[in-house]
Amino acid sequence: PWCLPPAITASQPSIFNYIRLGLACGAIHDPSSIFHWALESWLIWMEPWNYIMKRRAVNMTRSSSDSGPGRSNGISTHRAGEFLRNAAATVSSHHRVEYYPSYVRHKPTSPSAYSAQWEAYVVSNAHFYTVPLAIFLKRARELDFSSTVEYPKSLALVQRVLRVYSKAVVNVLNGVLNQRADALSASLFDRHGANMHAFRPPNAWKLVECQLDATNLLEEVFSQHQKRRARMDAFDRIEAKLNALFDGKIGSEEAALENLLSQVRYLVNLPLDYEVLPEEPRTKRGSGLWRLLGLESKDATMTASGAISENLLGPDRGPDGRLTDVGRQQIYAGLRKCNPMDVHYIGDPMLARVKSYEISVLVDLTIFISQFLNRKLGLVEPAPDGGVGVTEDSELLKKIWEMEQYQKVAFRFNFRFLADSRNIIFATIVWWLVKTIGGFFTN
């Protein structure tokens, strides 16, 4: 027997097409776009068990004065009385209790509330659980995982989708997609496919076909997470630990990523020994004070001569970190692949673009003073004539030349750390403490 009411049966193809086109064509970075509207509709359609029945008291004897000019005078009193009646859940001669459905939006990390009694519903809407998922996994890489502000939002969006696919739901889907379901589920799945008409996907389609898009998404999330952690200095790490302490979520970010990996592994049947990113050899980062002053170790900015050259799974590179002809042939032949963690900043760190925590005017001033002193004292080689030997529009080659010169210098002045607003605040606090404590002893 068919388990869906006639209204839902008739609207299945139209809603399916709306969700499919919204996820595929909507602007993913605009919260008000059709992408997010379609995403919300899709999540509600996939989890009807999140609806619960609530009750409210309805007044059966409204007087004619309720609709008169003085009705607004008693709005607050009426609402307070309605709240008390709902809380008490009592039924009198003048009131009755009315039940209505209310959708409960769970946290992205909360487990699914699916139970076996909804199996027929999942089978009767199987294509809603498969086709939009394939589209979402492909487009989710467009989410911003590199920004510290946007990373939690993007990760929460992915978690909201993946939490739907609990092991029980995945088992039901694999049963009908792999033709291992019982006769009742098979008949429901066939009728669902017939009801979808032209929007019915091929019967041979399976969840494992999303492996490539799922692994690409995992690599994007994990690599951006590792890059953000690698770029964090002393202040960033202190701020992250304090935020985690006050939010009560110490170590939750790594735990969330591991949970994400386990969900994807079961969803698309990844091997148990699958690793998102290969282990990278640790490079020297310099002392904490050295990095705090903007004088981080050269090993942190070196490319091929550092960790990349030791990665045996990566393509062949030259001393400057660029791919050689052999490395390109290895990629073309499929013998080697690039690791997202191999992407490092190219150029002189002192000349990098202004960061969000720096004062742009002070950045330009400190760079000018540093370069002036380095040139006057002969600590750096002067740039050759003709724009460091390259054309003016060859910005990449100019950055490579700057990086090579930076790696050759044993010592130079770099006052850019004075443009860091956090260093300025820290120095101000230290100066105030010294002055305050010193005042006690002088008195």
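Everything discussed here concerns the structure shown above.
These figures come from a predicted structure and were not determined experimentally.

This part is about the overall build of the chain. The secondary structure content of the chain amounts to 18 helices and two strands. Counting only residues that meet the buried cut, the chain has 36% of its 443 residues in that class. For the chain, the accessible area works out to roughly 26,500 Å², and carbon and sulfur atoms hold 60% of it.

Once that is clear, we can look at the nonpolar core. Counting 64 residues, the largest nonpolar core has Leu39, Trp42, Tyr129, Val158, Tyr165 and Leu218 as the members making the most contacts within it. The greatest single-element share of this core, amounting to nine residues, is contributed by helix α5 (residues 126–139). Beyond its immediate sequence surroundings of up to four residues, Trp42 is in contact with Ile19, Leu23, Phe128, Pro132, Leu133, Phe136, Val161 and Tyr165.

On to unusual backbone geometry, then. Phi at Gln179 takes a positive value of approximately 60°, unusual for a residue other than glycine. Within the secondary structure, Gln179 sits in the loop between α7 (167–177) and α8 (183–196). Its identity is not glycine, yet His197 carries a phi of approximately 60°, on the positive side. Relative to the assigned elements, His197 resides in the loop between α8 and α9 (211–231).

Taking 1.5 Å of rise per residue, the 13 residues of helix α6 (residues 150–162) would be expected to cover 18 Å, and the 19 Å separating its terminal C-alpha atoms lies within 8% of that figure. Those residues of α6 lying buried are Tyr151, Ser154, Leu155, Leu157, Val158, Gln159, Arg160, Val161 and Leu162.

Here we come to the packing of aromatic side chains. Each pair of aromatic rings is reported with the distance of its centres and the angle of its planes. By the definition in use, this model includes 13 aromatic pairs. When the ring of Phe16 is compared with that of Phe199, the centres are 6.5 Å apart and the planes differ by 50°; the resulting orientation is tilted. A residue pair is termed long-range when its members are at least 10 positions apart, and Phe16 in helix α1 (residues 6–25) and Phe199 in the loop between α8 and α9 qualify at 183 residues. Residue Phe199 is classed as partly exposed on the basis of its relative accessible area, which comes to 28%. On the basis of an interplanar angle of 20° and a centroid distance of 5.0 Å, the ring pair of Trp45 and Phe128 is categorised as stacked. Highlighted residues: Trp45 in helix α2 (residues 34–46) and Phe128 in helix α5, separated in sequence by 83 residues. As far as burial versus exposure is concerned, Trp45 and Phe128 are alike and both buried. Members of the aromatic cluster, each reached through a chain of ring pairs, are Phe16, Trp45, Phe128 and Phe199. Just above the ring of Tyr357 sits the side chain of Arg422; from NZ or CZ to the centre is 3.6 Å.

So, about the side chain of Gln159. Here Gln159 shows up in helix α6. Setting aside residues no more than four positions away along its own chain, Gln159 makes contact with Pro108, Thr109 and Ala256.

For the rest of this paragraph, the subject is the environment of Arg265. Relative to the assigned elements, Arg265 resides in helix α11 (residues 252–267). Look at Arg265 and you get buried, because its relative accessible area is 19%. Taking the C-alpha atoms as reference, Arg265 lies 9.1 Å from Thr215; in sequence the two are 50 residues apart. Excluding anything up to four places from it in sequence, Arg265 contacts Leu270, Pro271, Leu272 and Tyr274.

Conventions adopted
- Residues numbered from 1 in each chain as written.
- Predicted model: local features only at pLDDT ≥ 70, side-chain atom pairs only at ≥ 80, totals over all residues.
- Heavy atoms only, no water.
- Helix = DSSP H or I, 4+ residues; strand = E, 2+ residues; numbered from the N terminus.
- Buried < 20%, exposed > 50% of the residue type's maximum accessible area, 1.4 Å probe, protein only.
- Areas by Shrake-Rupley, 256 points an atom, 1.4 Å probe, with all protein chains shown as cover.
- Core = buried A, V, L, I, M, F, W, Y, C linked by side-chain atoms within 4.5 Å.
- Contact = heavy atoms within 4.5 Å.
- Expected span 1.5 Å × (residues − 1).
- Phe/Tyr/Trp six-rings, centres within 6.5 Å; stacked < 30°, edge-to-face > 60°.
- Lys NZ or Arg CZ within 6 Å of the ring centre and 35° of its normal.

Keep in mind these values describe shape, not function.
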